[in-house]
Amino acid sequence: MVRLLNLGIIGTNWITNQFVDAAIATQEYQLVGVYSRSIEKAKAFGAPYQATVFETSLEAFASNSAIDVVYIASPNSMHYEQAVTLMKAGKHVIVEKPIFSNPREWTSAIKVAEENKVFIFEAARHVHEENFKTVREEVKSIGSLQGATFTYMKYSSRYDAVLNGEEPNIFSLNYSGGALADLGVYPLYAAIAWFGMPEKSHYFCTKIVTGVDGKGTIILRYKEFDVTILVGKIVNSYLPAEIYGLNKTLSMDSIESITTIEVIDRKTKLKESIAEKTAANPMMDEAKAFAAVINFPEDTAKQKDYNEWLKLSEQVNQVMTDLRKDAGIIFAADKE
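Residues numbered from 1 in each chain as written. Predicted model: local features only at pLDDT ≥ 70, side-chain atom pairs only at ≥ 80, totals over all residues. Heavy atoms only, no water.

Caption draft 1: Structural view of the layout of surface pockets. Empty space within the largest pocket amounts to approximately 1400 Å³. What lines the largest pocket is a set of 48 residues, among which Asn13, Trp14, Ile15, Arg158 and Asp182 lie closest to the centre. For the lining of the largest pocket, the elements supplying multiple residues, two or more each, are α1 (14-25), α4 (79-88), β7 (145-153) and α8 (179-195). Its residues assigned to classes, the lining of the largest pocket comprises 19 nonpolar, 18 polar and 11 charged. For the second largest pocket, the calculated volume is near 450 Å³. Lining the second largest pocket are 20 residues, with Val127, Arg136, Asp305, Glu308 and Trp309 positioned closest to its centre. The dominant element in the lining of the second largest pocket, judged by the number of residues it contributes, is helix α10 (residues 300-327), at 7 residues. A per-class count over the lining of the second largest pocket returns 9 nonpolar, 3 polar and 8 charged. (1 Å grid on protein atoms, 1.4 Å probe; cavity = no way out; pocket = protein on both sides within 12 Å on 5 of 7 lines; lining within 4 Å. Points joined across faces, edges and corners; volume = space filled by probe spheres on them. Helix = DSSP H or I, 4+ residues; strand = E, 2+ residues; numbered from the N terminus. Nonpolar A, V, L, I, M, F, W, Y, C, P; charged D, E, K, R; others polar.)

Caption draft 2: Quick peek at the packing of helix α5 (residues 103-115) against α10. It is at 9 Å that the axes of α5 and α10 come closest, and there the two elements cross at 160°. Regarding the angle of α5 to α10, the classification is roughly antiparallel. For the pair formed by α5 and α10, the contact residues are Pro103, Trp106 and Ile110 on the first element and Leu310, Ser313, Glu314, Asn317, Gln318 and Thr321 on the second. A class-by-class count of the residues in the contact of α5 with α10 yields 4 nonpolar, 4 polar and 1 charged. (Axes fitted to C-alpha atoms, helices over the stretch in contact; angles between N-to-C directions. Parallel < 35°, antiparallel > 145°, perpendicular 65-115°, else oblique. Contact = heavy atoms within 4.5 Å.)

Caption draft 3: The arrangement of the pattern of salt bridges in detail. For the coordinates displayed, the defined rule picks out 12 salt bridges. In this structure, Asp182 and Lys97 form a salt bridge, with 3.5 Å as the shortest nitrogen-oxygen distance. Of this pair, Asp182 sits in helix α8 while Lys97 sits in the loop between β5 (92-96) and α5; the two residues are 85 residues apart in sequence, bridging distant segments of the chain. On the basis of relative accessible area, Asp182 is assigned to the buried category, the value being 14%. Judged by its relative accessible area of 8%, Lys97 is buried. Put simply, Glu137 and Lys140 hold a salt bridge, and the shortest N to O gap is 3.1 Å. Placement of the pair is Glu137 and Lys140 together in helix α6 (residues 130-140), with a separation of 3 residues, close to one helical turn. We classify Glu137 as partly exposed; its relative accessible area is 43%. Overlapping salt bridges bring together Lys97, Asp182 and Lys233 as one network. (Salt bridge = Lys/Arg side-chain N within 4 Å of Asp/Glu carboxyl O. Buried < 20%, exposed > 50% of the residue type's maximum accessible area, 1.4 Å probe, protein only.)

Caption draft 4: A look at the sheet that holds strand β1 (residues 5-10). With parallel pairing, 6 strands are arranged side by side in an open sheet as β3-β2-β1-β4-β5-β6. Pairing within the sheet leaves two strands with one partner each, and these edge strands are β3 (53-55) and β6 (120-123). The mean inter-strand angle of the sheet, taken between neighbouring strand axes irrespective of direction, is 25°. (Pairing = 2+ DSSP bridges.)

Caption draft 5: Broad picture of the nonpolar core. Formed by 56 residues in total, the largest nonpolar core has its most connected members in Leu7, Tyr29, Leu31, Tyr71, Met87, Ile94 and Ile120. At 6 residues, helix α9 (residues 284-295) tops the list of elements feeding residues into this core. In this structure, Trp194, Met252, Ile261 and Ile274 belong to the second largest nonpolar core, which totals 48 residues. (Core = buried A, V, L, I, M, F, W, Y, C linked by side-chain atoms within 4.5 Å.)

Caption draft 6: Fine view of the packing of α6 against α8. Between α6 and α8, whose axes approach to 9 Å, the crossing angle comes to 40°. In terms of their interaxial angle, α6 and α8 are classed as oblique. Read as a crossing pair, α6 and α8 show a hand that is right-handed. The segment α6 lies against α8, with Phe132, Val135, Arg136 and Val139 engaging Tyr189, Ala190, Ala193, Trp194 and Phe195. Taken together, the residues of the contact of α6 with α8 break down into 8 nonpolar, no polar and 1 charged. (Left-handed = near helix turned anticlockwise from the far one by under 90°.)

Caption draft 7: Summary view of the sheet that holds strand β12 (residues 248-252). The 8 strands are arranged β8-β9-β10-β7-β11-β12-β13-β14 in an open sheet whose pairing can be described as mixed. Of all strands in the sheet, those bounded by a partner on one side alone are β8 (200-207) and β14 (271-273). Each neighbouring strand pair of the sheet contributes to a mean axis angle of 15°, computed without reference to strand direction. Sheet topology places β7 next to strand β11 (residues 241-245); 4 bridges connect them, and they run antiparallel. From the neighbouring strand, Thr149 faces β11, where its bridge partner is Glu242. On top of the sheet, α10 reaches β8 and β9 (213-221); it is set at about 55° to β8, its chief contact.

See the structure below:
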């Protein structure tokens, strides 16, 4: 019987709650530790889960032998330093997307993981969901692929603070923020997982007063088709996601958490639903997948999955950096 993984967390916001709830629901983890800049916040978050380790020192948190794996959900620019510190102390890490600010950080962190014989995961949760995998298989048989349009535009309540003259982390170059980093990572993961690396990529964005992209249009150019991605944190969109074949179209209700998939025949106009029922908590599938890799390091199939996730993470990170360069968006982390 595999023992429960002792989970530590960095970040005490809503997404951390969702991940911890998902992890516990898999019956593969138990929360034991919380790191926060405030001991009061750490205890307030961890107490309902019966956590016993509360730290404001990252080094002390990393060296605590009670913790096996740490989920990192801090501001984007902090991911690298925190992940490296934890991995050097022998901890596996699950890093919320986007995993790192640029390829330099990505390459360096993977080297640290390999040197310390630990696993590092990017928490791109939708990749591990069954409906995401269903679309991937359907794309293989679509025939004569003509392109795709993905949209993820969701107004952020923190944009109100920007309009009031403030600079929240998610809208700051200093914290590697912006619409591409926060939301664009989802459709980019989908495009690269389903179609491979594009030959060229372009980003036409609207920059806001803080210097980051508030919204924009991404064009991924493949040999025989283009993928158009609309992304934004200062507007809302309710468009479906679509993949176009010569004789049929795939239509999905979303790109970041797919609950409906319809295959529409061009000639008959008939629609076939092929979606599966989704988990109550959308983070359960990734939590299960990560636990399987950690608990069964000798399982070649699981390690193959892990290496494929790493490759996909590297590719997404590179394309995101290329898109930022194309749009003239430079993070503080790029200057280090």
